[in-house]
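For reference, the chains in residue letters:
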Amino acid sequence: MLSSPAQHAMSCKNEGGDASDSSLWGGSSSDGDSGSGSDGDALQPAIQALPFNISGLFFFRNLIDQPLQDDIVAEIASQKYFDRERDQVMLFESAVSDTSNRCLPTWTNSLISKLAALLQDQVPPSVHELLFSSQARAGCDVDRQLRQLIVNMYRPGQGIADHVDLLTRFGDGVMICSFLSGIAMELKQLSNNQHVSLWLPAGSVLILTGDARYTWTHGIEARMVDHVQLTSSRSRQTFRIARQHRLSVTIRWMLKVADVLSDTTQSHLRA
Ligand SMILES: O=C(O)CCC(=O)C(=O)O
Ligand SMILES: [Fe+2]
C-alpha cells in the first residue's frame, strides 16, 4: 500500500505487472486487497500533449531514454525499497556534511545530473536554475537548498488523490519522472473547472513550477484501465490501456523550515 493513506487513493487487486517487476518489491505478486478501482470509464481520455499552455508546466514525453530508464529501475530494484507492505519511499538530502551516507543515494544524484543535462536547452534558463541551481555545489553543504525525493510504486488500480504538494514543506520546481509503464495524471486548476488528463508514458518527465505547481492540483485516479488518445500524423485513436506496475520518482526542494522531516509531516495539502 502507498504509505500515506490520507493522500493516496488505494484500491488494488489485479497485479498486472510482468515478472521482472517483482524484484522491486520482494517477489510477492498478490497482496490480497479487495480492490475498488473501476475499469477506466474516464470522463475524458488522457492525451499525449497539453491542448493549451499551463503557465509553469513543462512536459517531456520521451526525455529519459530506455537505457537510462533501465538503469534507474535496476538501481531502485537493488535498493529493495518495496515489499508487500511498502510502496513508497522518501529520501531526504541531509545538510550534515561529515558522513557521506547521509547524502542522497548515488542513483538519485546521477538521475538528477542527467536530467539537468537533458533539460539544459529544453526549458528557459530561469526554470533550469530553479530546478538545478544547487547541483553545481559539490557534496552536502549546509547552506544550500536540500532535496527530497519520493519513489512511488503503483500497482494496477492504485492512484494518488488530487493535491498540491505541501506548501509549507516544499519549494517551487517539482519533477515527476515515470518508469515501467504509463499512467493518466489529472491536472485540475483550483480556481475554475479546467481539467486535463495527461498521459505520462514511461520515460516522461513532468515539471511543475509557478502556477502549475501552486494553482493546479495533480493526481491519479485509482482504476485498472486508462483511456488514452494516441495521435499520429495520420490518425487519432483512443485506446484502453490496462494499468501495469508504474514507478515514479518525484524530485523537489525542501523549504528551509522543512530541513528536519519525519514521515508524519509528509501529507499533501489541497490549497
Ligand atoms: O507518483 C507520481 O506520479 C506523483 C507523486 C506526487 O505527486 C507526490 O508524491 O506528491
Ligand atoms: Fe505531488
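The coordinates are above.
Source: prediction; values computed, not measured.

A short note on the site of ligand 1
Contacts to ligand 1 come from 15 residues, most closely from Tyr 154, His 163, His 218, Arg 246 and Ser 248. Within the contact set of ligand 1, an oxygen atom lies 3.1 Å away from a side-chain nitrogen or oxygen of Asp 165. Within the side chain of Ser 248, a nitrogen or oxygen atom sits 2.6 Å from an oxygen atom of ligand 1. Protein contact buries 100% of the 290 Å² of open area that ligand 1 shows by itself. Breaking the shell around ligand 1 down by element, the ones donating at least two residues are strand S4 (146-154), strand S5 (160-163), strand S10 (216-220) and strand S13 (246-254). The element contributing the most residues to the shell around ligand 1 is S13, with 4 residues.

Quick notes on the packing of aromatic side chains
If you walk through the whole model with that rule in mind, you get 2 aromatic pairs. Between Phe 52 and Trp 216, the ring centres sit 6.4 Å apart and the planes meet at 35°, which makes this aromatic pair tilted. You can see Phe 52 sitting in the loop between strand S1 (46-47) and strand S2 (57-60) and its partner Trp 216 sitting in strand S10, a full 164 residues away along the chain. For the pair Tyr 81 and Phe 82, a centre-to-centre distance of 6.2 Å together with 70° between the ring planes defines the contact as edge-to-face.

Re the coordination of the iron ion (ligand 2)
For the iron ion (ligand 2), every protein donor is listed as His 163 (NE2), Asp 165 (OD) and His 218 (NE2), and the spread of their distances is 2.0 to 2.1 Å. Taken in sequence order, the residues that donate to the iron ion (ligand 2) follow the motif H-x1-D-x52-H. With Asp 165 in the loop between S5 and strand S6 (174-179) and His 218 in strand S10, the pair connects residues that are 53 residues apart, well separated along the chain. Comparing Asp 165 with His 218 shows no difference in burial state: the two are buried.

Considering the environment of Leu 146
Tracing the chain through its elements places Leu 146 in strand S4. Separated by 108 residues in sequence, Leu 146 and Met 254 place their C-alpha atoms 5.7 Å apart.

Quick word on the sheet that holds S4
Taken in spatial order, the 6 strands of this open sheet run S2-S9-S6-S13-S4-S3, and their pairing is antiparallel. Sheet topology places S2 and strand S3 (88-92) at the edges, where each strand pairs with a single neighbour. Taking the axes of each pair of neighbouring strands and ignoring which way they run, one obtains an average angle of 15° across the sheet. Both S4 and S13 contribute to a ladder of 9 bridges, which runs antiparallel. When the sheet's bridge partners are listed, Ile 150 is paired in S13 with Thr 250. Each of S2, S3, S4, S6, strand S9 (205-208) and S13 touches helix H2 (residues 106-119); the most contacted strand, S13, lies at about 80° to it.

Overview of the pairing of strand S12 (residues 236-242)
Two elements, strand S11 (residues 225-231) and S12, share 7 bridges in a ladder whose sense is antiparallel. Across the sheet, the residue bridging to Asp 226 is Ile 241, located in S12. Linking S11 back to S12 in an antiparallel pair, the connection comprises 4 residues.

So, the side chain of Arg 213
Mapped onto the secondary structure, Arg 213 falls in helix H4 (residues 210-214). Buried charge without a partner: Arg 213 forms no salt bridge, and the closest opposite charge is Asp 172, 4.6 Å away. Engagement of the side chain of Arg 213 in a polar contact is seen with the backbone oxygen of Gly 171, the distance being 3.0 Å. Not counting residues up to four positions away in its chain, the partners in contact with Arg 213 are Val 164, Asp 165, Leu 166, Leu 167, Phe 170, Gly 171, Asp 172, Val 174 and Leu 208.

Definitions and limits used
- Residues numbered from 1 in each chain as written.
- Chains lettered and ligands numbered in written order.
- Predicted model: local features only at pLDDT ≥ 70, side-chain atom pairs only at ≥ 80, totals over all residues.
- Heavy atoms only, no water.
- Near = heavy atom within 4 Å.
- Polar contact = N/O pair within 3.5 Å; in protein donor to acceptor, adjacent residues only side chain to side chain.
- Areas by Shrake-Rupley, 256 points an atom, 1.4 Å probe, with all protein chains shown as cover.
- Helix = DSSP H or I, 4+ residues; strand = E, 2+ residues; numbered from the N terminus.
- Phe/Tyr/Trp six-rings, centres within 6.5 Å; stacked < 30°, edge-to-face > 60°.
- Donors = N, O, S within 2.8 Å, 3.2 Å for Na, K, Ca; no water.
- Buried < 20%, exposed > 50% of the residue type's maximum accessible area, 1.4 Å probe, protein only.
- Pairing = 2+ DSSP bridges.
- Axes fitted to C-alpha atoms, helices over the stretch in contact; angles between N-to-C directions.
- Contact = heavy atoms within 4.5 Å.
- Lys, Arg positive; Asp, Glu negative; His and termini not counted.
- Salt bridge = Lys/Arg side-chain N within 4 Å of Asp/Glu carboxyl O.

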